[in-house]
Amino acid sequence: MTGSVTVVGLGPGDPRLLTQAASEALAQAQDLIGYIPYVARVPDRPGLTKHATDNRVEIDRAGHALRLAASGRRVAVVSGGDPGVFAMAAAIFEAVETGDPAWRHLAITVEPGITAMLAAAARLGAPLGGDFCAMSLSDNLKPWEVITARLEAVLRADFVISLYNPISSARPWQLGAALGLAAEHRAPETPVIFARAVSRPDEAIRILTLAQARETKADMATMVIIGASATRLIPRGDATPFVYTPRSVPA
Ligand code: SAH
């Protein structure tokens with residue numbers, strides 16, 4: 001029997017946000033590969049071997065998955081959110097492109113998941129209602145100059161911007177720099193959302209202005225959404241305001 005690799009998106013955290021197809025792929029796997037907290041989200045069961053590894057070893061993990069599949073195993077590689085968004089799917093295909101040519105003939109499939117940006121947006125209303133983009137603020141895999149150049153371009157183009165990987169212990173200043181750049185292009189009252197651990201028990205969502213956001217700390221479990229010029233709040237008295245971006249742009 002030939003082996004397979006399915007790259008599975010686990011969604012933002014709440015098990016109810018795992019798709020049926022992802023859940024079936026997990027049920028069929030013999031080996032489970034991924035970053036420790038994601039592998040831990042999948043319940044143990046007889047016949048499932050877990051291979052949890054630390055972060056930042058995506059390419060090693062991908063090679064491991066492909067070698068196991070080539071030996072005939074049914075492998076699931078897991079990512080939080082969607083596996084195609086700053087996660088394992090690209091690492092798998094990079095390993096396929098550069099690795100053993102036989103890997104190109106393996107059955108490799110991707111099961112999508114709800115990415116953090118969409119889960120966060122849904123909590124608030126419709127902040128991504130107009131044109132938007134997603135960027136990873138991590139300069140582990142690309143130079144900081146590329147990040148700032150792209151950020152400037154999308155700020156100028158007036159996209160709503162979802163920032164993944166805003167900060168880590170090794171990257172303490174990048175988010176402040178990115179928000180500083182945003183302040184050069186957008187008004188101080190522009191809504192900025194800090195959405196932490198969306199759909200997990202420790203979820204915390206803050207709706208700030210750009211000026212406040214520059215004074216606010218985030219962590220690795222947070223994603224930041226910077227509003228466009230049309231993004232606004234609908235106040236609701238004591239209740240949390242809705243945040244939305246209209247689809248229409250005046251001519
Ligand atoms: N593949 C993942 C993203 C991986 S990058 C996805 O599609 O969601 C890791 C970054 O994603 C984190 O630093 C954080 O910015 C964001 N993130 C992941 N899960 C999150 C959640 N539940 N709530 C808020 N942000 C989250």
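Small disclaimer: the values here were computed from a predicted structure and weren't measured.

Trainee: Looking at this structure, I do not really get the overall build of the chain. What am I missing?
Mentor: A count of helical and extended segments in the chain gives 8 helices and 13 strands. Compactness check: the chain gives a C-alpha radius of gyration of 20 Å against a globular reference of 18 Å for 251 residues, within 12% of the reference. Oriented by its inertia axes, the alpha-carbon framework of the chain measures out at about 60 × 40 × 40 Å. Buried residues in the chain amount to 45% of all 251 residues. In the chain, once contacts between residues fewer than 6 apart in sequence are set aside, the share between residues at least 24 apart is 67%. Taking the 24 positively charged and 24 negatively charged side chains of the chain as two groups, their mean positions are separated by 3 Å.

Trainee: Is there a simple way to think about the domain arrangement of the chain in this case?
Mentor: Many authors give the size of an interface as the accessible area that is lost as the parts come together. By domain assignment, the chain separates into domain 1 (4-114) and domain 2 (117-244). The C-alpha centroid of domain 2 is placed 28 Å from the C-alpha centroid of domain 1. Counting residues at the interface gives 9 residues for domain 1, matched by 12 residues for domain 2. The junction of domain 1 with domain 2 conceals about 750 Å² of combined surface from both sides, 62% of it contributed by carbon and sulfur atoms. Counting the surface domain 1 buries against domain 2, the share from its top three residues, Pro-12, Arg-56 and Phe-86, is 58%. Scanning the region where domain 1 abuts domain 2 turns up 0 salt bridges. On inspection of domain 1 and its partner domain 2, the count reaches 3 residue pairs in polar contact (both at pLDDT 80 or more). In terms of residue class, the side of domain 1 that touches domain 2 is made up of 5 nonpolar, 1 polar and 3 charged.

Trainee: What is the right way to read the packing of helix α3 (residues 58-70) against helix α4 (residues 88-98) from this model?
Mentor: When two helices pack together, their arrangement is given by the angle between the helix axes and by the axis-to-axis distance. Packing of α3 against α4 leaves a shortest axis separation of 8 Å and a crossing angle of 65 degrees. Relative to α4, the element α3 is oriented roughly perpendicular. The two elements α3 and α4 cross, and the hand of that crossing is right-handed. Contact with α3, carried on its side by Glu-58, Ile-59, Arg-61, Ala-62, Gly-63, Ala-65 and Leu-66, involves Met-88, Ala-91, Ile-92, Glu-94, Ala-95 and Val-96 of α4 and no other residues of that element. Residues of the contact of α3 with α4, tallied by class, amount to 9 nonpolar, 1 polar and 3 charged.

About the cut-offs
Residues numbered from 1 in each chain as written. Predicted model: local features only at pLDDT ≥ 70, side-chain atom pairs only at ≥ 80, totals over all residues. Heavy atoms only, no water. Helix = DSSP H or I, 4+ residues; strand = E, 2+ residues; numbered from the N terminus. Rg over C-alpha atoms; globule rule 2.2 N^0.38 Å. Buried < 20%, exposed > 50% of the residue type's maximum accessible area, 1.4 Å probe, protein only. Contact = heavy atoms within 4.5 Å. Lys, Arg positive; Asp, Glu negative; His and termini not counted. Charge placed at Lys NZ, Arg CZ, Asp CG, Glu CD. Domains from an automatic or database assignment. Buried area = accessible area lost by both parts, 1.4 Å probe. Salt bridge = Lys/Arg side-chain N within 4 Å of Asp/Glu carboxyl O. Polar contact = N/O pair within 3.5 Å; in protein donor to acceptor, adjacent residues only side chain to side chain. Nonpolar A, V, L, I, M, F, W, Y, C, P; charged D, E, K, R; others polar. Axes fitted to C-alpha atoms, helices over the stretch in contact; angles between N-to-C directions. Parallel < 35°, antiparallel > 145°, perpendicular 65-115°, else oblique. Left-handed = near helix turned anticlockwise from the far one by under 90°.

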